[in-house]
Amino acid sequence: MSGRVVQAVVFLGAIASCTGVIDGDAPNTPPGDPPADPPGTPPKDPPRPLLPAGAWPAPAMRRLTQIQYKNSIRDLLGVTDPLMSLEADPVILNGFANMGSSDVTTSPFGVYQYDEAALDAAAMIFGDATKKRALVGCDPAGPVASDPCVAKYLAAFGRRAWRRPLTPDEVTRYQMGMAARTDLGDSWKLLEMATAALLESPNFLYLVEAGEPDPANPARRRLTDYEVAARLSYLIWDTTPDLALLDAAARGDLRTDAGLKTQVDRLVAHRNARTAITAFLIEWLDIHTDELVKDRKVFPLFNTSIAGAMNIEATRRLADMVFDRDVDFVTQLLQGRETFINRYLTKLYGLPDTAAPPPPTANFVPYTFPADGPRSGFLTSAAFLATKARPAETSPTLRGIFIRERMLCQVIPPPPPDVDTSFPPSMPGVVETNRQRLERHRTSPSCAGCHSLMDPLGFGLEEFDGIGSHRMMEAGKPVDASGELDGAAFKDARGLMAVLRADKRTSACVTRQLYRYALGRMEDTFEGGRMPDLTGDWNSSGNRFKALINNLTQSESFRFVMEVK
Amino acid sequence: MAVSKFALPRRTFLRGVGGTLGLPILDAMLNGNGTALAAGAPLPKRLGVFFWGLGNRPLQWRPAGTGPDWALSEELAPLANVKSYVSVVSGLEIKGYAKGHHEGRAGSLTGGYSPMPAENGAYGSPAGPSIDQIAARAWTGKTPFSSVEIGISESGPGRKVVGSTAWRGPGRSYIPAEFSPRGLFNRLFAFKSPDGAKQLGMKKGILDLVTKDAAALRPRLGSKDRARLDGHLDGFRDLERSLDFSGVQCNVSVAAPTDSTGILTKEPLEERNKQMADILAMALSCDLTRSFTYQWSNMQAYTIYWQLGINDNHHTLTHDDRGTNFQFENVNKVTIFIMTQFAYLLERLKATPEGAGNLLDNSCIYATSEHGNASSHSLTEIPALICGKAGGALKAGVHYVSPKESTAKALLTCMRAVGLTVPSYGSDNNTVTDDIGALRA
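Asker: Lay out the overall build of chain A with the relevant residues and their values.
Answerer: The number of helices and strands found in chain A is 25 helices and 11 strands. Per-residue burial for chain A yields a buried fraction of 51% across its 565 residues. Contacts in chain A between residues at least 24 apart in sequence constitute 68% of all its contacts with a sequence separation of at least 6.

Asker: Break down the overall build of chain B for me, citing the residues and quoting the values.
Answerer: Secondary structure summary: chain B contains 11 helices and 15 strands in total. The proportion of buried residues among the 441 residues of chain B is 56%. A fraction of 73% describes how many contacts in chain B between residues 6 or more apart in sequence connect residues 24 or more apart.

Asker: Which residues make up helix 12 (residues 257–269) of chain A, and what values go with them?
Answerer: In this model, helix 12 of chain A (13 residues) spans 18 Å end to end at C-alpha, consistent with the 18 Å of a helix rising 1.5 Å per residue. Packing partners of the buried residues in helix 12 of chain A comprise helix 10 (225–236), helix 11 (243–251), helix 13 (271–284) and helix 24 (545–554) of chain A.

Asker: Which residues make up unusual backbone geometry, and what values go with them?
Answerer: Positive phi, close to 55 degrees, is recorded for A:N543, a residue that is not glycine. Note on placement: A:N543 falls in the loop between helix 23 (525–540) and helix 24. By the C-beta count within 10 Å, which is 21 here, A:N543 ends up buried. In this structure, B:L54 takes a positive phi of about 75 degrees despite not being glycine. Its location among the elements puts B:L54 in the loop between strand 2 (46–52) and helix 2 (58–61).

Asker: Any details on the packing of helix 7 (residues 168–179) of chain A against helix 6 (residues 196–217) of chain B? Residues and values, ideally.
Answerer: Remark: helix 7 of chain A packs on helix 6 of chain B, axes separated minimally by 9 Å, with the N-to-C direction vectors making an angle of 160 degrees. The angle between the axes of helix 7 of chain A and helix 6 of chain B places the two elements in the roughly antiparallel class. The element helix 7 of chain A and its partner helix 6 of chain B pack so that their crossing is right-handed. Taken together, the residues of helix 6 of chain B that come into contact with helix 7 of chain A (itself represented by A:R173, A:Y174 and A:G177) are B:G205, B:D208, B:L209 and B:K212.

Asker: So, the nonpolar core: which residues are in play, and what are the values?
Answerer: Counting 255 residues, the largest nonpolar core has A:I236, B:C364, B:I386 and B:C414 as its most contacted members. It is helix 4 (residues 108–126) of chain A that provides the largest number of residues to this core, a total of 10 residues. Contact partners of B:C414, with chain neighbours within four places excluded, come to B:L47, B:I131, B:C364, B:Y366 and B:I386. Counting five residues, the second largest nonpolar core, distinct from the first, contains B:L54, B:M299, B:Y302 and B:A374.

Asker: Any chance you could break down the packing of helix 6 (residues 148–162) of chain A against helix 8 (residues 187–200) of chain A for me, citing the residues and the numbers?
Answerer: Residue and element names in this part refer to chain A. Axis separation between helix 6 and helix 8 bottoms out at 10 Å; the angle between their running directions is 20 degrees. Considering the angle they form, helix 6 stands roughly parallel to helix 8. Regarding helix 6 and helix 8, the two cross each other, and that crossing is right-handed. Counting all contacts with helix 6, which are made through V150, Y153, L154, F157, G158, A161 and W162, the residues of helix 8 involved are S187, L191, A194, T195, L198 and L199. Each residue belonging to the contact of helix 6 with helix 8 can be placed in one class, and the counts come to 10 nonpolar, three polar and no charged.

Asker: Account for helix 20 (residues 445–458) of chain A, naming residues and giving values.
Answerer: All names here are of chain A. Over its 14 residues, helix 20 extends 20 Å from the first C-alpha to the last, a length consistent with the 20 Å expected when each residue adds 1.5 Å. Where helix 20 bends most, at H451, the angle is about 55 degrees. Those residues of helix 20 that sit buried are C447, C450, H451, L453, M454, D455, P456, L457 and G458. For helix 20, the elements touching its buried residues are helix 18 (396–407), helix 19 (434–441) and strand 9 (483–485).

Asker: I'd love a proper account of the pairing of strand 14 (residues 380–387) of chain B, names of residues and values included.
Answerer: Regular strands have side chains that alternate between both faces of the sheet. Residues and elements named next belong to chain B. The element strand 14 is extensively covered by neighbouring structure, given that seven of its eight residues are classed as buried. For strand 3 (residues 86–93) and strand 14, the ladder comprises six bridges, and the chain directions are antiparallel. Across the sheet, residue L92 finds its bridge partner in strand 14, namely I382. Direction of pairing for strand 13 (residues 363–369) relative to strand 14: antiparallel, over a ladder of four bridges. Counterpart to A367 in the pairing with strand 14 is L385.

Asker: I'd like a description of the sheet that holds strand 14 of chain B, backed by residues and values.
Answerer: All names here are of chain B. Taken in spatial order, the seven strands of this open sheet run 6-10-2-13-14-3-15, and their pairing is mixed. In this open sheet, the two edge strands, each paired with only one partner strand, are strand 6 (148–151) and strand 15 (399–401). When the angles between neighbouring strand axes are averaged without regard to direction, this sheet yields 15 degrees. Examined bridge by bridge, strand 2 and strand 10 (residues 291–295) share five bridges and lie parallel to one another. Note on strand 10: the bridge partner recorded for F50 is Y294.

Asker: Let's hear about the pairing of strand 6 of chain B: which residues, and what values?
Answerer: All names here are of chain B. On strand 6, burial covers both faces: V148 and I150 on one face and E149 and G151 on the other are all buried. Note that strand 6 and strand 10 share four bridges and pair parallel. Residue pairing in the sheet places I150 in a bridge with Y294 of strand 10.

Asker: Summarise the sheet that holds strand 3 (residues 212–213) of chain A; cite the residues concerned and give the values.
Answerer: Residues and elements named next belong to chain A. Sheet architecture is open: three strands sit in the order 3-4-11, paired in antiparallel fashion. Looking at strand neighbours, the two that pair on one side only are strand 3 and strand 11 (560–561), the edges of this open sheet. The pairing of strand 3 with strand 4 (residues 221–222) spans two bridges and is classified as antiparallel. When the bridges of strand 4 are listed, P213 appears paired with R221.

Asker: Can you break down the confidence of the model for chain B residue by residue, with the values?
Answerer: Per-residue confidence for chain B gives a mean pLDDT of 87; residues scoring 70 or more make up 87%. Below pLDDT 50 for its whole length, residues 1–26 of chain B participates in 59 contacts with residues either more than four positions away or in separate chains.

Asker: Hey, could you go over the environment of A:T315 for me, with residue numbers and the actual values?
Answerer: Residue and element names in this part refer to chain A. With respect to the secondary-structure elements, T315 resides in helix 14 (residues 304–325). Residues T315 and P413, 98 residues apart in the sequence, show an inter-C-alpha distance of 31 Å. Apart from residues no more than four positions distant in its own chain, T315 is found in contact with T278 and I282.

Asker: Can you explain the environment of A:A319? Please cite residues and give values.
Answerer: Residue and element names in this part refer to chain A. If you trace the backbone, A319 turns up in helix 14. Look at A319 and you get partly exposed, because 19 C-beta atoms sit within 10 Å. Counting along the chain gives 43 residues from A319 to A276, while the straight-line C-alpha distance between them is 9.9 Å. Those residues in contact with A319, other than ones at most four positions away along the chain, are R274 and T278.

Asker: Summarise the environment of A:A248; cite the residues concerned and give the values.
Answerer: All names here are of chain A. Tracing the backbone through its elements, the reader meets A248 in helix 11. Distance from A248 to L260, taken between C-alpha atoms, is 8.8 Å for residues 12 residues apart in sequence. Residues within four places of A248 in sequence aside, it is in contact with D253, L254, G259 and Q263.

Rules and cut-offs
Residues numbered from 1 in each chain as written. Chains lettered and ligands numbered in written order. Predicted model: local features only at pLDDT ≥ 70, side-chain atom pairs only at ≥ 80, totals over all residues. Helix = DSSP H or I, 4+ residues; strand = E, 2+ residues; numbered from the N terminus. Buried ≥ 20, exposed ≤ 12 C-beta atoms within 10 Å, placed from the backbone. Contact = placed C-beta atoms within 7 Å. Expected span 1.5 Å × (residues − 1). Axes fitted to C-alpha atoms, helices over the stretch in contact; angles between N-to-C directions. Parallel < 35°, antiparallel > 145°, perpendicular 65-115°, else oblique. Left-handed = near helix turned anticlockwise from the far one by under 90°. Core = buried A, V, L, I, M, F, W, Y, C linked by C-beta atoms within 7 Å. Nonpolar A, V, L, I, M, F, W, Y, C, P; charged D, E, K, R; others polar. Bend = angle between axes of the 7 residues up to and from the residue. Pairing = 2+ DSSP bridges. pLDDT = per-residue confidence, 0-100.

Here's what the structure looks like:
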């Protein structure tokens, strides 16, 4: 098993200099004896399914993302129109906001915003006699410190807000805190204050995953039942657990494989999952059409309506792939032809106007691209192609980086110091294709190492322009969309997608991306070593995305953590 | 003087309740000469940072002449009314880092960059705190708000990039800017509830509870998360401090602003700039804070200057894909526009009397950007303006041509001018221990 550990280190290695062997998931690791353990190697693994000591990285304390915060307030209080402005999500780290959220320190301004938001949300309930009674469920009477109604509400609402039962000490603390402020008014006012406090507490704002001792294995900690519930809910619904999930946690259901699966299936079947999982895919695939800036002189077709249509197409297509078709996700991604278009997109896709309903409706209708056409899979959709391009043209480099980093889970180092990273301009009076310009670029040894990994992949998409329209010509010359991936040659986008589909690293990378998103952090080397098991199980179940969610949530890494230091 | 330009109907506005302390620095509190508080303490000094994205056109920026004898350049012309308060530092560099927006911003704001490991997939960040946060820390407790972060253009540099000017330290401990004039006004001057006392009591009651929650949570966390929680606790303390100061009276002579709804392709930049500058002048005048950042636009900003009839965003202008120079004229126009807006802020401070002088007399405001020529991601000729007289510590109104010194040296000058004790500043090849003597009075 130690060979796996060593491999794992290789898996995570960046393409350090872009000159040596590159590998994300080492699909073709030669068989043979594993190398000898280097000094300091931990003891041999205990037999599966137990992971060895040190295998569970310390959990990442995630702050709720903006959308998670808003969804949670909606589900806790029914407040759907947030008045609050909220500290912006931190930087998108490794492609995901929730990973940045496990790294950010909330600023003083952010604390102020949470304070205002919690007060606003509580005021919207407690300013309304019907709503406050419905929330509290009883009429407070007598001193708050000894009022059973107050204690009952704090316990009930606190359990929902903090995603776990409050300890008796915590309930008492809140009652005492209320009793200290009787100057503010009656018990209702104090309940309003306590409600806001529960929503401003770090126990609400952060997902704390400290775990508890695992009686079966002192070397690791298992997540508490409630921590598992929160992990599940924020993964599959992007919001706080509902009562049914909290009750399942209370019963200990989530500790059994079958009980866990029952809840996962229930969550996946709910419409919240459709929204949340699609949002994950959009984030992973970096579809941010709202940020699209295109040069209208070059792309007169482009406008905000088209950008919006691209986004809807992408969202519907991804949801359809996962929730309606639920067939091989990797194939759909790279070779699927089924999508949805509206009148804005017909022109862009070079289709007759009649392919979609006439204006003024912008309704979408299902559409299947022809089997012998240039489009092959989601990666040839307009939203994908347009967001991986520059304002006035395509960028084989950007598209190539994306495929390396987000589809194959490799890392391309940033350009070395003191190189001009702007796209090389053409010589005066010379009209060149992107390929010709980039070829000149690659004559520089300091650029060539990395660019030879990126550009030849991106060339495969050169038959689509900067907004994703198909093109035969570029700069007055026929488009040459040939390229190669680590020696596997292709001649166009269809060929590129076929090469990616045949590469084991692609499905392994999908696994990895969902894993990272679910845990809010990068996998460490040891987990990387276990990833092939997860991917293998997924592959053998036909790469259905719902199956991946099930496999992941059943995995030990999802349910166990290491003790924090 | 342009006082009348800003004269607004005065009305007394009580920030919070029950206070008796009179602010702004009322005449009653000053000594006979208006140079210090009656108790003998000198007038407070302020430190601000004005940041805009994407640099300038260095040849159109650098003024002719040096020392006190210099003429405003094309891009600096809008500063004519405050020229005697503005020192231009030319020739500054950020040394030893790759040429990129992130390195540039870190260098221009903090004199040091700390890269992320490549596996991390993220950009690096400043290697240490920005000068406004060093000031904020040193002056904690003196004012209700340690610092105020203002933003004008919201247009992003993209969602993978933190758009922030105030950095409390390395990593991701930044403070985002407030883009809503109404939000800033409320935070500084007002309680939403008509019953301020009750609102204040609620907030204090909540803070008491959540501070205890955090204390109980702390031992369960690992060291990294504990540090993050401590940062959150700092925020609780900041909030509490602002509540404790709630008795402070401030004669708020600016009306509560209304936020214009603007889409990102048509941001109400000039209007928001005026609103924010007015609020800031009021807040400084009332001594609600002494440290601020004023982020005109993000690093690598996508701001569209529709007011100038330019359709491409600022970042695109500087990196024109077609390899021609025809957009550089637009970069020049944008820089002049930004300096016009900055001039409004400086003039506003200059028009706010304080003691025998004005707010600008008692401030050091450092204006900079992440690049010189952003087109090549240049880390030379970083623009730097040191504005104000810092209570007499700065000569003001000179053009200093630096022999290719690090930006850290100019940043240090501003900090020392407002009386901060900072032995050295910057990181790596940018570390400096000396400030720019030629700028000091």
